[in-house]
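# Architecture at a glance
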Amino acid sequence: MPHTITVRVNGVPETHEVADNQTLLSFLRDTLDLTGAKEGCNEGECGACVVLLDWKAVNSCLTLAVEADGHEVTTIEGLGQPGVLHPLQAALLHQSAVQCGFCTPGMILTAAALLHENSAPTEAEIRTALAGNLCRCTGYRQIIDAVNEASVAIYASLSTERQRSVR
C-alpha cells in the first residue's frame, strides 16, 4: 500500500508516494537520483549506504523510506556547498584517504555525524564511530587521520564558549 511522505533531503522538501517496504536507499537512488549512498551488503554491515537522518548516521538499506517522513535527510550530495568542500571531504583528499571511493560517502557521513555530536573526538572515539564502515582499498589509518584533521578544523572554527562546552 503506498504512503505519501514529505522529507527534507539536502535542504529541499520532497513529497512522494512510496511503497511501505521501500528502503530509504531505494528512495534516494531510484526516486531522487541521489546515487552517493551505495548498495553494498544490503544487511547494514558495510556502511556504504550511510546517510544522515536528523544528523544521526543510519544505514539507508535498513531504514524504510516511510521512517524518514517528516525528517531531514542529508546525503553526500548535500554535504558542503557547490565549489566548497566540507572539511571532511577536504581532509580525506589531503590525507590520501580515498582510492576506489565506494565506501567514501558512508565514511564521510558517519564521521560528520560524529563531529556534529563531538567536534573534538579522540582517536578511540573516531575508531568506534567508524567501526560499521568497511574499506577494502585504503586502510583505516589515513581515514582516521583525515577525520582527526577535519575535527581540528571544525573545532578551531567554533566560538571559545562552544569550545569550552565540548571539552
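What counts, and where the lines are drawn
Residues numbered from 1 in each chain as written. Predicted model: local features only at pLDDT ≥ 70, side-chain atom pairs only at ≥ 80, totals over all residues. Heavy atoms only, no water. Patch = residues over 30% accessible without salt bridge, like charges linked within 9 Å, V, L, I, M, F, W, Y side chains within 5 Å. Areas by Shrake-Rupley, 256 points an atom, 1.4 Å probe, with all protein chains shown as cover. Salt bridge = Lys/Arg side-chain N within 4 Å of Asp/Glu carboxyl O. Helix = DSSP H or I, 4+ residues; strand = E, 2+ residues; numbered from the N terminus. Buried < 20%, exposed > 50% of the residue type's maximum accessible area, 1.4 Å probe, protein only. Contact = heavy atoms within 4.5 Å. Axes fitted to C-alpha atoms, helices over the stretch in contact; angles between N-to-C directions. Parallel < 35°, antiparallel > 145°, perpendicular 65-115°, else oblique. Left-handed = near helix turned anticlockwise from the far one by under 90°. Nonpolar A, V, L, I, M, F, W, Y, C, P; charged D, E, K, R; others polar. Pairing = 2+ DSSP bridges.

Taken together, the side chains of Leu 85, Leu 93 and Val 98 make up a nonpolar region of the molecular surface, amounting to roughly 260 Å² of accessible area. Here Val 98 is to be found in the loop between helix H2 (87-94) and helix H3 (104-117).

The phi torsion at Asp 33 lies on the positive side, around 60 degrees, for a residue other than glycine. In this fold, Asp 33 is placed in the loop between helix H1 (24-31) and strand S3 (50-53). The backbone phi angle of Asp 54 is positive, close to 50 degrees, even though this residue is not glycine. Along the chain, Asp 54 falls in the loop between S3 and strand S4 (56-59). In this structure Asp 54 comes out as partly exposed when scored by relative accessible area, which is 38%.

Scanning the model with the defined rule gives five salt bridges in all. One salt bridge connects Glu 72 with Arg 8, and the closest N-O pair in it is separated by 3.8 Å. Note that Glu 72 is positioned in strand S5 (residues 72-74) and Arg 8 in strand S1 (residues 2-9), a separation of 64 residues in sequence. A relative accessible area of 23% places Glu 72 in the partly exposed class. Here Arg 127 and Glu 123 are joined by a salt bridge, their closest N and O atoms 3.1 Å apart. You can see Arg 127 and its partner Glu 123 sitting in helix H4 (residues 123-129), four residues apart, about one turn around the helix. A cluster of three or more residues bridged by salt bridges with shared partners is formed by Glu 123, Arg 127, Arg 141 and Asp 145.

The subject of this paragraph is H1. Among all positions in H1, only Leu 24, Leu 25, Phe 27 and Leu 28 are buried. Considering only its buried residues, H1 is in contact with S1, strand S2 (12-19), S3 and S5. Immediately downstream of H1, the backbone of Asp 33 shows phi near 60 degrees, a positive value.

This brings us to the side chain of Thr 104. On the secondary structure map, Thr 104 appears in helix H3. You can call Thr 104 buried: its relative accessible area is 11%. Apart from residues lying up to four places away in sequence, Thr 104 is in contact with Leu 92 and Val 98.

At a minimum axis distance of 11 Å, the contact between H3 and helix H5 (residues 140-157) shows a crossing angle of 40 degrees. Considering their axes alone, H3 and H5 lie oblique with respect to each other. Considering only the axes of H3 and H5, their crossing is right-handed. Residues Met 107, Ala 111 and Leu 115 of H3 touch H5, and the partners they reach there are Tyr 140, Ile 143, Val 147, Ala 150, Ser 151 and Ile 154. Class assignment for the residues of the contact of H3 with H5 results in eight nonpolar, one polar and no charged.

Moving on, we get to the pairing of S3. Two faces make up the sheet, and in a regular strand the side chains alternate between them. Along S3, one buried face is formed by Val 50 and Leu 52 and the opposite face, lined by Val 51 and Leu 53, is buried too. Taken together, the four bridges between S3 and S4 define a ladder with antiparallel strand orientation. What sits directly across from Val 50, in S4, is Asn 59. Hairpin connection, S3 to S4: the antiparallel pair is bridged by two residues, and Asp 54 has positive phi, about 50 degrees. As defined by bridge partners, S3 adjoins S5 across two bridges and the pair is classed as antiparallel. Bridging across to S5, Leu 53 finds its partner in Val 73.

Honestly, it's all geometry; don't read function into it.
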